[in-house]
Each structure stands twice: as C-alpha cells, then as structure tokens.
Amino acid sequence: MAPRRDPNEKALATLSSVGVIAPPPIQVESPKFSGSLAALFVCVRDRKVDLLDIPLFPICSAYFLYLAESEQISLDEAAAALTALAYLLERKAWALLPVAEPEPEFDDPMELMEPYVHEFALAIEQLRTLHEERTHQFFRPQDAGPDPYELPYTLEEIEPADLARALARLLSRATPEKPEVLGGPRRSLTEQMKLVLAALTTDWASLDSLVKEPFTRQEAVWWFLALLELIRLGQVNVQVSEEDVQFRRKV
Amino acid sequence: MAANSDPKANIVDSLEAILFVADSPVALEVLARELGVTQGQVSQALEILAERLHANGSIQLVELAGGFQLSTKPEFAELIGSFLSPQRQKLSRSLMEVLAIVAYKQPVTMGDVEKVRGVQSDYSIRALLERRLIREVGRKIAPGRPVLYGTTQQFLHQFNLKALDQLPPLDSVTEEAANIIRHEGPSLFD
C-alpha cells in the first residue's frame, strides 16, 4: 500500500471528499475494499462499507511513507489525509467498543414514486387492440326487456278513449278539493295502489262505483293512475261494458 | 328441407340453432345439459360447427366470456356498422386506464385506482359502471368500508376474452417495456 498517482484519481484529487482540499492519492488495497483514501472516507461516512473489515494499520503506514518519501509535501493535502485518517480511526474505535443496543437499522430505500400508471401502458395498448378487433364483430343484441313505460300487452278492444271517458266521468262528480296544507305528507302511488286493490274484487265494477263520495279531483286522478299502474303490472283486468269500462282484481 | 324429428339427433345443428337465438355467451355445461349429451360431445360438435361456419357464410363461432356465441365475421364489420345505429362509443384514454387498473388489480377500491393514476378517478369509475364494464364486488374491510370494484362478463365480452386469465400478463408487459427503454439508448442516469 503506497502512495501513487493514478489518472483515475484525478477527479478525486480535484474534488475533495473530506473538505476543501483533497487528501493525497493513497491507495488502499484490502479484501473488502479497493480504492483511494478519499473514496474509503466517503464510503465509511455514507455507511457503504463496514470499517471493521478494513485494517487501518497499512493505511497509516502508507501515510507515513508518503510523508517520508515525498519531496514536496503539500501541508494542506497532508492535513486532509490526517483528518480522514483521524475520522476513520475514531469511527473504528467507536465500532469496536461494546454497545448496549444494536445500531438502529437504516430505512429501506425509498420506493418508486407514485403514480405508476405507466406500468399499465402496454397492457392498455393491448386491451385497446383487443377492443378494436372486437368492434369488428357483431352479436345478437341483448333483449332489454319490456320498456317500463309501455304497456306489456295490448288491451285488445279497450281504447285509451274509453279510459279517458271513465276518468272524465269521475272527475265531473268530484267536489272542489281542499286547499293543500303546506308540508303535509305526500301520498305515494304505491299506497294508492294498495287502497285500490283492497277496494277491487273479482267482480267487475265501474270506476264510479269504486270511488266513494265525497272525493276531490286530486283523489280521482290518484285512483285512475293507480288503476293504470295495476293494469300495467297485470294485477287488474279491464273490459268495456256498454259505454263504460269496468275493472276487477285479476282472477 | 324437412326438420329432423329429434332435434338432438344432430348435435351440430342443434348447437347452431341454440347459439343462433342466444343473445349472450352460452356455457359449455349449459349446452350439454340442454342437449342431454356430455360436455366432450359438445366440444367436438362445436369444433365441427366452427369449421363449417369458417368455411362458408357470414357467421362465425366465438368463444368468449365463459361461453360460446355466434357473431358476424370481421369482414362484414363496415357494412353492419353502417347498418346499425348509433355507432358504438370508443373508450377514452382515461377510461381505458381505469379499466386496465381494475382488471389487473381487482378487487380494487377507487382510492387504489387513484393511487396508481395520481388523479381523481370517480368520473371514470362511474362511466365504467354505467357501461357495465365494471361492477361492485364487495366492500373492503377498512375504515369507511370502501366499495371494491371488479370487471364484469360484459368486460370479457367487449374485449373478446374467454376469462380473466387471458389478460395480457403484466410482468411480460413490464419486461417488454424495459426492453424498449433499454434499446432507446442511454438515459440521464447512465
């Protein structure tokens, strides 16, 4: 282990690892480390090598040889080397002392910063290709089922006008409705449907006979809407009788 | 041509008839049950049907979303595309991103998706739910019990996949990406 000038050490010579001035290029050769004194200093400082595995005596000898053999010693360089050696010796001394607790482990290296959607980039492209290919194939469309706003079946001879007449007749019997109390509970169509179903029997009955007086125009409309919904759901049958329509609970 | 008195006598024709009226993929076991034959017999008959359709006509047999279905051949795509309306909507880049993340990491919460993307993704999740490409599959046992999402049969159907294990493997994709980066030359950190 002797001081020698290595062209590769030029960078370390110009850029000090210890301070402003770089130490002389003392080369360290050991089974666990190979490099300059400056590099060893940096590695020990950054905990990249275990100082316990590196004998310091040959390095100190090399330093004394450097002092003895060099004709023109730079005091700054020599001081920098001494500082580095002192640091290494102190660190090793502390490392050799018994410790009550093991040294804390250092945190794991930081994981890749998120987001990492780029990992899916090629998968997305492949899916896009599959999707594009798929658009060239056409399948029998799925049946969406009956439109809930359409009657599920025809009422045969029953015309909308028949139903309209039944409603008009009922409305003509309605008394003026009471002024609505603000904030009062609102009746739901489901509740009205239950009420209508309770009033219906398996015998045919006209709308006029179903709704008991007195009733308001609003109540008449609710009755009519509930009957329409029950017809749509197939729970009420309807037929034309003379000039009126009649309803009954489905048998 | 007179119809065969026993429709199950000719399994291939029977399969073709069932698949013709089916509006979604029919599983092998369902076909076997309907025809009263073994699944092996159905598989053989499907192969014959596929070859027959491949040789002639405009219809082909497709295996996707866990079953079999008939579709038009790709060469008629333009004709049928102009005949049908409205045109199909393509998936935007952001929808594809979210869909891919859900597909590969499912079951996954919206938070997980946003963690990967680094941007808010509630719109995309909602849009994919509306298109029935993803669905709620449960709730994560975590504070707030967030909804877990997974892909649907419709997703498999739309991407011509038989099952989820047919997704392009993400590892090889990553490796492929690494190769591309390697071949692009030295980077800033080289």
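Residues numbered from 1 in each chain as written. Chains lettered and ligands numbered in written order. Predicted model: local features only at pLDDT ≥ 70, side-chain atom pairs only at ≥ 80, totals over all residues. Heavy atoms only, no water.

K.L.:
An account of the pattern of salt bridges is needed here, citing residue identities and associated values.
P.N.:
All names here are of chain B. As enumerated under the stated definition, the model contains ten salt bridges over all chains in all. A salt bridge links aspartate 13 to arginine 52; the shortest N-O distance between them is 3.1 Å. Pair noted here: aspartate 13 is in helix H1 (residues 11-21) and arginine 52 is in helix H3 (residues 39-55), with a separation of 39 residues, a long-range link. Using a relative accessible area of 36% as the deciding quantity, one classes aspartate 13 as partly exposed. On the accessibility criterion, arginine 52 (34% relative accessible area) is partly exposed. (Salt bridge = Lys/Arg side-chain N within 4 Å of Asp/Glu carboxyl O. Helix = DSSP H or I, 4+ residues; strand = E, 2+ residues; numbered from the N terminus. Buried < 20%, exposed > 50% of the residue type's maximum accessible area, 1.4 Å probe, protein only.)

K.L.:
Lay out the nonpolar core with the relevant residues and their values.
P.N.:
Residues Leu127(A), Leu99(B), Phe155(B) and Phe159(B) are the most contacted members of the largest nonpolar core, which totals 36 residues. Residue assignment for this core shows that the elements contributing at least two residues are helix H5 (121-134) of chain A together with strand S1 (59-64), helix H5 (93-105), helix H6 (110-117), helix H7 (122-130), strand S5 (147-151) and helix H8 (153-158) of chain B. Broken down by element, the residue count for this core peaks at nine residues, all from H5(B). Excluding residues that lie within four positions of it along the chain, Leu99(B) makes contacts with Leu91(B), Leu128(B), Leu133(B), Ile134(B), Phe155(B) and Phe159(B). Residues Leu163(A), Leu170(A), Leu197(A) and Leu227(A) belong to the second largest nonpolar core, which totals 27 residues. (Core = buried A, V, L, I, M, F, W, Y, C linked by side-chain atoms within 4.5 Å. Contact = heavy atoms within 4.5 Å.)

K.L.:
Explain a nonpolar patch on the surface residue by residue, including any values.
P.N.:
Where nonpolar side chains cluster on the molecular surface, the patch consists of Val221(A), Leu225(A) and Leu228(A) and spans about 210 Å² of accessible area. Tracing the backbone through its elements, the reader meets Leu228(A) in helix H9 (residues 217-232). (Patch = residues over 30% accessible without salt bridge, like charges linked within 9 Å, V, L, I, M, F, W, Y side chains within 5 Å. Areas by Shrake-Rupley, 256 points an atom, 1.4 Å probe, with all protein chains shown as cover.)

K.L.:
For the interface of chain A and chain B, give the residues involved together with the corresponding values.
P.N.:
Each side of the interface is counted separately: chain A has 27 residues, and chain B has 48 residues. Here chain A meets chain B over a buried area of about 3,400 Å², counting both sides, of which 62% is carbon and sulfur. Across the chain A-chain B interface, the total number found is one salt bridge. For Glu125(A), the salt bridge identified is with Arg93(B), shortest N-O distance 3.0 Å. Linking chain A to chain B there are seven residue pairs in polar contact (both at pLDDT 80 or more). When its residues are assigned to classes, the side of chain A that touches chain B shows 13 nonpolar, six polar and eight charged. (Buried area = accessible area lost by both parts, 1.4 Å probe. Polar contact = N/O pair within 3.5 Å; in protein donor to acceptor, adjacent residues only side chain to side chain. Nonpolar A, V, L, I, M, F, W, Y, C, P; charged D, E, K, R; others polar.)

K.L.:
Please provide a residue-by-residue account of unusual backbone geometry, values included.
P.N.:
In this structure, Pro214(A) follows Glu213(A) across a cis peptide bond, with omega equal to -5°. Tracing the sequence through the fold places Pro214(A) in the loop between helix H8 (207-210) and H9. Following Gln106(B), the chain continues to Pro107(B) via a peptide bond in cis, the omega torsion being -5°. Mapping Pro107(B) onto the fold places it in the loop between H5 and strand S3 (108-109). Even without being glycine, Ala65(B) reaches a positive phi, approximately 50°. Relative to the elements of secondary structure, Ala65(B) occurs in the loop between S1 and strand S2 (67-72). You can call Ala65(B) buried: its relative accessible area is 7%. One non-glycine residue, Arg145(B), lies in the positive phi region at around 45°.

K.L.:
Tell me about the sheet that holds S5(B), residues and numbers included.
P.N.:
Residues and elements named next belong to chain B. On the basis of which strands lie adjacent, the open sheet formed by three strands has the order S3-S5-S4 and antiparallel pairing. One side of each edge strand has no neighbouring strand; the edge strands of this open sheet are S3 and strand S4 (134-139). Alignment of S4 against S5, held across five bridges, turns out to be antiparallel. Paired with arginine 135 across the strands is glycine 150, a residue of S5. Docked against the sheet, H5 engages S3, S4 and S5, running at close to 95° with respect to S5. (Pairing = 2+ DSSP bridges. Axes fitted to C-alpha atoms, helices over the stretch in contact; angles between N-to-C directions.)

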